[in-house]
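Residue-level listing of the chains:
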Amino acid sequence: MKEKKDREAVYTITGVVVHGRGIGKHVGTPTANLQMEGHDTALETGVYVSKVLLNCHTYYGVTHIGTRPTLDNDKNISIETHILDFDNDIYGCAVTVCLYEKLREVRKFDDLSALMEQVQADRFLARKYWGLDQINCALYMDVKRHCAMLGGQEIYLSVNEFGVLYLLYAFPQTTFTKEEIYQKIWREPANDHLHAVENTIFQIRKKLKPYAKEHEYIKTVIGYGYRFYPAQ
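Quick caveat, the model's predicted, so the values are computed rather than measured. (Residues numbered from 1 in each chain as written. Predicted model: local features only at pLDDT ≥ 70, side-chain atom pairs only at ≥ 80, totals over all residues. Heavy atoms only, no water.)

1. Structural notes on the overall build of the chain
What the chain contains, in helices and strands, is 5 helices and 12 strands. Looking at the chain residue by residue over its 232 residues, the buried ones come to 43%. Of all intrachain contacts in the chain linking residues separated by at least 6 positions in sequence, the fraction that spans at least 24 positions is 61%. With an accessible surface of roughly 12,800 Å², the chain has 49% of that area assigned to carbon and sulfur atoms. (Helix = DSSP H or I, 4+ residues; strand = E, 2+ residues; numbered from the N terminus. Buried < 20%, exposed > 50% of the residue type's maximum accessible area, 1.4 Å probe, protein only. Contact = heavy atoms within 4.5 Å. Areas by Shrake-Rupley, 256 points an atom, 1.4 Å probe, with all protein chains shown as cover.)

This is how it looks when you write it as C-alpha cells:
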C-alpha cells in the first residue's frame, strides 16, 4: 500500500497504552487506550481514520475520541484506537497515533447491535482510505431480524442456534462450557443434555462455512468448551 503524499495528519498523539474497561474486547473490537494527560482540551471529539506507530512498525486503524454514550454514562473523554488486523498485548507500550480524515461525530446508538454495525462501517471506510484489501468475512448479528450477516449474506438460524452464536459472539474473550451454554440458552439444568449443545454448534458451523472464507468463528477449547473467534 502506497500512501499519497498529500495525506497529512490533522493531529498527532503520543502516549502510553493503558487498561480501559475491556468493553471493546467483549464486542470483538479491542482498542488501545491512551493516557489523556495533555490531550483532553486540545482534541476535537469524533471518530477518525488513523495511523499507529509502534516499535518502528506502522499500523492502521480507527480512533475514537470522546465519551462512550452507548456503553456508559461516563463523561470523561477517552482516546481509543482499534488497530486493524492486530490483537497483540501492548499495555504499557508507547505509541504514536496520527489522526487523518474525520469519519463522523460521536453519537449514542439505540443498542449494542447498532453500535457494532457502525463500527464495522468505520473499519470499512478506514480500509478504503488507506487502500487496504477488504476482509469480507466479518460477522454481524442482527438481533431485531434474528439472523447473522456474513460476507454480505443473510444466514437464518433457529432460535437456539441464534442464541448460542450470539452468546459466544457477545463475549469473544470468554470460553463457555457446554453446561453453561445449555443453561443460558435452554434455560434449564444441563443434566445429560450436552449433546444438544454439540449438535447446535455443528449446525451453526455448517451454516457459516460457505461464507466464512475458511475462518473458524467458533473454536473448540479441548477439555473445556467453546469460544468465539472474530475475524479482524
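2. Details of the packing of helix α4 (residues 178–185) against helix α5 (residues 194–208)
Here α4 crosses α5 at 90°, and the two axes come no closer than 9 Å. In terms of axis orientation, α4 runs roughly perpendicular to α5. The residues of α5 that touch α4, namely those facing K178, E179, I181 and Y182, are L194, A196, V197 and E198. Class assignment of the residues belonging to the contact of α4 with α5 gives a composition of 5 nonpolar, no polar and 3 charged. (Axes fitted to C-alpha atoms, helices over the stretch in contact; angles between N-to-C directions. Parallel < 35°, antiparallel > 145°, perpendicular 65-115°, else oblique. Nonpolar A, V, L, I, M, F, W, Y, C, P; charged D, E, K, R; others polar.)

3. Thoughts on the pairing of strand β3 (residues 46–54)
Taken across its 9 residues, β3 has 8 buried, putting it largely inside the fold. Bridge count for β3 against strand β4 (residues 57–66) is 9 bridges, and the pairing is antiparallel. Residue L54 lies in a different strand from β4, and its bridge partner there is H57. Hairpin connection between β3 and β4: a loop of 2 residues separates the two successive antiparallel strands, and N55 in this loop has a positive phi of roughly 50°. Summarising the sheet, β3 and strand β6 (residues 94–104) pair through 6 bridges and their orientation is antiparallel. When the bridges of β6 are listed, V52 appears paired with V97. (Pairing = 2+ DSSP bridges.)

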